[in-house]
Amino acid sequence: MKLKDKVALITGSSRGIGKAIALKFAREGAKIIVNYLDSETKANELVDEIKKIGSNAIAIKCDVSQEKDVKDMVDKSVKRFGKIDILVNNAGIVYDVPLFKKTLEQWRRTLNINLIGVFLCSKYVSEHMLKQDSGVIVNISSTNGINTGCPESADYDASKSGVISLTKNLASELAPKIRVNSIAPGWIDTDMNKNLPKDFIKQEKEKIFVRRFGRPEEIAMVALFLASDDASFINGSTIRVDGGYNCT
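Just so you know, the residues in each chain are numbered from 1, in the order the chain's sequence is written. Given that the model is predicted, a residue must reach a pLDDT of at least 70 before its local features are reported, and side-chain atom pairs must reach 80 or more before they are shown or counted; all residues, however, enter totals for whole chains, interfaces and linings. Processing note: side-chain calculations cover all non-hydrogen atoms of the structure and skip hydrogens and water entirely.

Trainee: So, the overall build of the chain: which residues are in play, and what are the values?
Mentor: Tallying secondary structure elements over the chain gives 7 helices and 7 strands in all. Counted from the first residue to the last, the chain has its helices and strands arranged as β-α-β-α-β-α-β-α-β-α-β-α-α-β. We take the radius of gyration over the C-alpha atoms and set the globule estimate at 2.2 Å times the residue count to the 0.38 power. For 248 residues, the compact-globule formula gives about 18 Å, and the C-alpha radius of gyration of the chain, at 17 Å, lands near that figure. With respect to the three principal axes, the spread of C-alpha positions in the chain is 50 × 40 × 35 Å. Secondary structure follows DSSP: runs of H or I at least 4 residues long count as helices, runs of E at least 2 residues long count as strands, and numbering of each begins at the N terminus.

Right under this line is the structure:
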């Protein structure tokens, strides 16, 4: 098992990519802190599923954009498991609204969850990691943070570009004890994308070399690699996982 006896906090892990990462880590021996904001039922179901695998887990409600919430979540996690070895900053939102019809509140909420949330969780988790002289942080960015140019997701693009930049700065600041890397997924079959128009999905699949959307489990495999000792010489990097997307 690659993560035997490790403790992993995964934000936004009640569904989608976060859930897939939680299950993958649990199968590799990690104890899991399932973070959620609205999906309490799904979070508790995931905890039960992890326990059936043979690992241990707890669910904690936390708005990652709120400093007090984050501090409380980290304190509860450490009190329960004694440490946090791995942080996966996965929580994220998107508003599919034309650029100039987006409200200021939508912009703020997107940046607060997708970018400031990464900062807050990294800040308070790394305090404990530094005390134990080890730790790994994996940030979930997006290819939207690399290939910007879709006005409807300008705020999302900006937040994910920020995550890539923040990843490099965190890696520098927390070196050499803590490794920090990010993953930039392309199109993935998740609830976030389930309501996209069929014609648009078909059009986008034609731009992907493997001609399909990715599966959450395929992102989880990369997250496992980065969280494990297999990636011990990778730091400050962003791994693109998009099936070979041609944006031109």
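Moving on from the coordinates now.
Trainee: Describe the nonpolar core, listing the residues and the values that go with them.
Mentor: With 35 residues, the main nonpolar core has Ile21, Phe25, Ile32, Ile50, Val88 and Ile183 as its most contacted residues. Counting residues per element, the ones that place at least two in this core are β1 (7-10), α1 (16-27), β2 (31-36), α2 (40-53), β4 (86-89), β5 (135-140) and α7 (216-227). Whether two residues are in contact is decided by their heavy atoms: any pair within 4.5 Å suffices. With near-sequence residues (within four places) excluded, Ile21 lies in contact with Ile10, Val88, Ile140, Ala220 and Ala223. Residues belong to one nonpolar core when they are buried, are Ala, Val, Leu, Ile, Met, Phe, Trp, Tyr or Cys, and are joined through side-chain atoms within 4.5 Å. Think of it in three bands: residues with accessible area under 20% of the maximum for their type are buried, residues over 50% are exposed, and the middle band is partly exposed, with areas taken using a 1.4 Å probe on protein chains only. Within the second largest apolar cluster, 30 residues are counted, among which are Ile58, Met73, Leu170 and Val180.

Trainee: An account of the side chain of Asp242 is needed here, citing residue identities and associated values.
Mentor: If you trace the backbone, Asp242 turns up in the segment after β7 (238-241). Definition of a polar contact: a pair of N or O atoms within 3.5 Å, with one able to donate and the other able to accept a hydrogen when the atoms are protein atoms, and with sequence-neighbouring residues admitted only if both atoms are side-chain atoms. One polar contact links Asp242 to Arg240, side chain to side chain, over a distance of 2.6 Å. Among all residues touching Asp242, those that are not within four sequence positions of it are Thr143, Gly186 and Ile208.

Trainee: Which residues make up unusual backbone geometry, and what are the values?
Mentor: A cis geometry characterises the amide bond from Ala175 onward to Pro176, with omega recorded as 0 degrees. Looking at where Pro176 falls in the secondary structure, it is placed in the loop between α5 (154-174) and β6 (178-185). Residues other than glycine seldom take positive phi values, yet Asp5 does so here, at roughly 70 degrees. Here Asp5 shows up in the segment before β1. Its relative accessible area of 44% is what places Asp5 among the partly exposed residues. Notably, Arg211 is not glycine yet its phi reads approximately 60 degrees, a positive angle.

Trainee: Give a description of the packing of helix α3 (residues 67-81) against helix α4 (residues 104-131) that names residues and reports values.
Mentor: Interaxial distance between α3 and α4 falls to 9 Å at its minimum, and their mutual angle equals 30 degrees. Here α3 and α4 pass one another in a crossing that is right-handed. Where α3 abuts α4, its residues Glu67, Val70, Lys71, Met73, Val74, Asp75 and Val78 lie against Leu120, Cys121, Lys123, Tyr124, Val125 and His128. When residue character is reported, Ala, Val, Leu, Ile, Met, Phe, Trp, Tyr, Cys and Pro are called nonpolar, Asp, Glu, Lys and Arg charged, and the others, Gly included, polar. Along the lines of polarity and charge, the residues of the contact of α3 with α4 split into 8 nonpolar, 1 polar and 4 charged. The axes used here are C-alpha line fits, helices contributing only the stretch in contact, and every angle between their N-to-C directions lies in the interval 0 to 180 degrees. Put simply, a crossing is left-handed when the front helix is turned counterclockwise from the back one by less than a right angle, and right-handed when it is turned clockwise.

Trainee: Go over the pairing of β2, please, and point to the residues and values.
Mentor: Within β2, 5 of the 6 residues are buried, leaving the element largely enclosed by the surrounding structure. Between any two strands, pairing holds if DSSP finds at least two bridges. Where β1 lies against β2, 4 bridges are found, and the strand directions are parallel. By the bridge assignment, Val7 is partnered in β2 with Lys31. By convention, orient the strands away from the viewer: a clockwise path from the first strand over the helix to the second makes the crossover right-handed. Assessed by its sense of winding, the connection that carries the chain from β1 through α1 to β2 is right-handed. Sheet topology places β2 next to strand β3 (residues 57-61); 5 bridges connect them, and they run parallel.

Trainee: Summarise the pattern of salt bridges; cite the residues concerned and give the values.
Mentor: One side-chain nitrogen of Lys or Arg within 4 Å of one carboxyl oxygen of Asp or Glu is enough to make a salt bridge. This structure, assessed with the given rule, holds 11 salt bridges. Lys102 serves as the salt-bridge partner of Asp155, at 2.9 Å between the closest nitrogen and oxygen. Here the residue Asp155 occupies a position in helix α5, and Lys102 occupies one in the loop between β4 and α4, the gap between them amounting to 53 residues. According to the relative accessible area criterion, Lys102 is buried, its value standing at 10%. Residue Arg212 is joined to Glu218 by a salt bridge in which the shortest nitrogen-to-oxygen separation is 2.8 Å. Since its relative accessible area comes to 32%, Arg212 is described here as partly exposed.

As far as function goes, none of this settles anything; it's purely spatial.
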